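# Observations on the three-dimensional arrangement
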Amino acid sequence: EYGYVKERLQGWEIIHHVFHDAGRVVGVAQGAMKRLPFLRGGMLWMNRGPLWRRRDRASDPQHLERLLIALRDYWTARGVYLRIAPPVTDDAMALHSLRALGMEPRPGSAWMSTVVDCTRTEHELYCALEKKWRNCLTRAERLGLEYGTGDDSLLFERFVHDYQSFLQEKSYPTPITPAFVHALNDALPLGRKLRMHTATSGGLHCGSILTAEYHGTAEYLVGAVNAVGKRVNAGQFLLWRALGDARTRGIARFDLGGMHPVQTPRGIYHFK
């Protein structure tokens, strides 16, 4: 659905890949293509791909390399510049391995994030919070902030309003616009709609955040906290409650949705 919306609203051509080995599917990938007008070739951007069954291939460190070789050979033969951010930890592939495949790392430009293990107890997670962040959360809870969550249309429209106001106030450039969020939620089937998390204080609305859920992961997409919310630390309150909501519903991982020490705006990076 994400690829469908990027194609419809942002002009990307979405390309899907399926990798086979002895008749068995061993990997998949989705890439976004920009072609060169009137010329052969273009640029294919593959973020957090390719994917494979970790339970089958976790003990085979060369499996990802084979998938990357297949992608390299297929698109190089077609004159396409391939840019990939594979969904692996920093130490999963050494730089010399990538260079041996004919790929050159781009320092500082990779997609990066942090994932919280929701299988840990609430007490373990709370104790692991950075002290200043935990103090902000404690203050918000003592002030009696109220939390609401769900995927109904009223909560969704409340979020879109908050988010539109936030972007206008901050002049913050992002491809995840209110129109994109609307189109993505419309494209998602029932049972997988985007989930809203809202906070109020003394009857006053403080802000909301939006998460997406897929295959045992809840991912923070975007959020907007107003002036009232900032005074009562609604940002910490909302993120903590969204994490708790994911745990309660049996979700194993909470992805903070992008956390790059250079590319992520400084305030957002330190908040996460």
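Right above here is the structure, for reference.
Here is a short report on the structure shown in this document. (Residues numbered from 1 in each chain as written. Predicted model: local features only at pLDDT ≥ 70, side-chain atom pairs only at ≥ 80, totals over all residues. Heavy atoms only, no water.)

A count of helical and extended segments in the protein chain gives 11 helices and 10 strands. The C-alpha radius of gyration of the protein chain comes to 21 Å, within 12% of the 19 Å expected for a compact globule of 272 residues. Seen through its C-alpha atoms, the protein chain measures out along the principal axes to roughly 60 × 45 × 35 Å. Evaluated residue by residue, the protein chain yields a buried proportion of 40% over its 272 residues. Here the protein chain displays about 15,600 Å² of accessible surface, and carbon together with sulfur accounts for 55% of that area. For the protein chain, the separation between the mean place of its 36 positive charges and that of its 27 negative charges on side chains is 4 Å. (Helix = DSSP H or I, 4+ residues; strand = E, 2+ residues; numbered from the N terminus. Rg over C-alpha atoms; globule rule 2.2 N^0.38 Å. Buried < 20%, exposed > 50% of the residue type's maximum accessible area, 1.4 Å probe, protein only. Areas by Shrake-Rupley, 256 points an atom, 1.4 Å probe, with all protein chains shown as cover. Lys, Arg positive; Asp, Glu negative; His and termini not counted. Charge placed at Lys NZ, Arg CZ, Asp CG, Glu CD.)

This paragraph deals with the sheet that holds strand 3 (residues 42–47). The mixed open sheet is built from 4 strands, whose spatial order is 1-2-3-4. In the strand order of this sheet, the two ends are held by strand 1 (13–21) and strand 4 (80–85), each with one partner. When the angles between neighbouring strand axes are averaged without regard to direction, this sheet yields 30°. Alignment of strand 1 against strand 2 (residues 24–35), held across 9 bridges, turns out to be antiparallel. Counted as the bridge partner of Asp 21 is Arg 24 from strand 2. Running over the sheet, helix 1 (residues 2–10) touches strand 1 and strand 2 and is turned about 150° from strand 1. (Pairing = 2+ DSSP bridges. Axes fitted to C-alpha atoms, helices over the stretch in contact; angles between N-to-C directions. Contact = heavy atoms within 4.5 Å.)

Before going further, it helps to spend a moment on the sheet that holds strand 8 (residues 204–214). Spatially, 6 strands are ordered 5-10-9-8-7-6 in an open sheet, and the strand pairing comes out mixed. A single partner strand is all that each edge strand has here, and the edge strands are strand 5 (115–117) and strand 6 (146–150). Taking each pair of neighbouring strands and ignoring which way they run, the sheet shows an average axis angle of 25°. Across 7 bridges, strand 7 (residues 195–201) lies against strand 8 in antiparallel orientation. The residue of strand 8 that forms the bridge with Ala 199 is Gly 207.

In terms of nonpolar packing, the biggest core is built from 27 residues, with Leu 145, Ala 199, Ala 234, Leu 239, Trp 240, Leu 243 and Phe 254 touching the most fellow members. Ranked by residue count, the leading element in this core is helix 10 (residues 234–248), at 8 residues. Apart from residues no more than four positions distant in its own chain, Leu 145 is found in contact with Ala 140, Ala 199, Thr 200, Ser 201, Val 232, Ala 234 and Phe 237. Ranked by size, the runner-up nonpolar core spans 20 residues in total, among them Leu 155, Leu 167, Ala 183 and Leu 194. (Core = buried A, V, L, I, M, F, W, Y, C linked by side-chain atoms within 4.5 Å.)

Turning to a nonpolar patch on the surface, a few remarks are in order. Taken together, the side chains of Val 18, Val 25, Val 28 and Leu 51 define a hydrophobic patch exposed on the protein surface, amounting to about 290 Å² of accessible area. The residue Val 25 is located in strand 2 in this model. (Patch = residues over 30% accessible without salt bridge, like charges linked within 9 Å, V, L, I, M, F, W, Y side chains within 5 Å. Salt bridge = Lys/Arg side-chain N within 4 Å of Asp/Glu carboxyl O.)

With that out of the way, let us pick up helix 1. When helix 1 is considered as a whole, its buried residues turn out to be Gly 3, Val 5 and Lys 6. Angular distribution of buried residues about the axis of helix 1 spans 160°; they occupy a single face of the element. On its buried face, helix 1 sits against strand 1, strand 2 and helix 8 (178–187). Of the residues flanking the end of helix 1, it is Gly 11, one or two places downstream, whose phi is positive at about 80°. (Arc of directions from axis to C-beta.)

On to the environment of Ala 224. Residue position: Ala 224 is located in strand 9 (residues 217–225). Linking Ala 224 and Ser 165, residues 59 residues apart in sequence, is a C-alpha distance of 8.2 Å. Excluding residues within four positions of it along the chain, Ala 224 makes contact with Asp 162, Tyr 163, Phe 166, Gly 207 and Ser 208.

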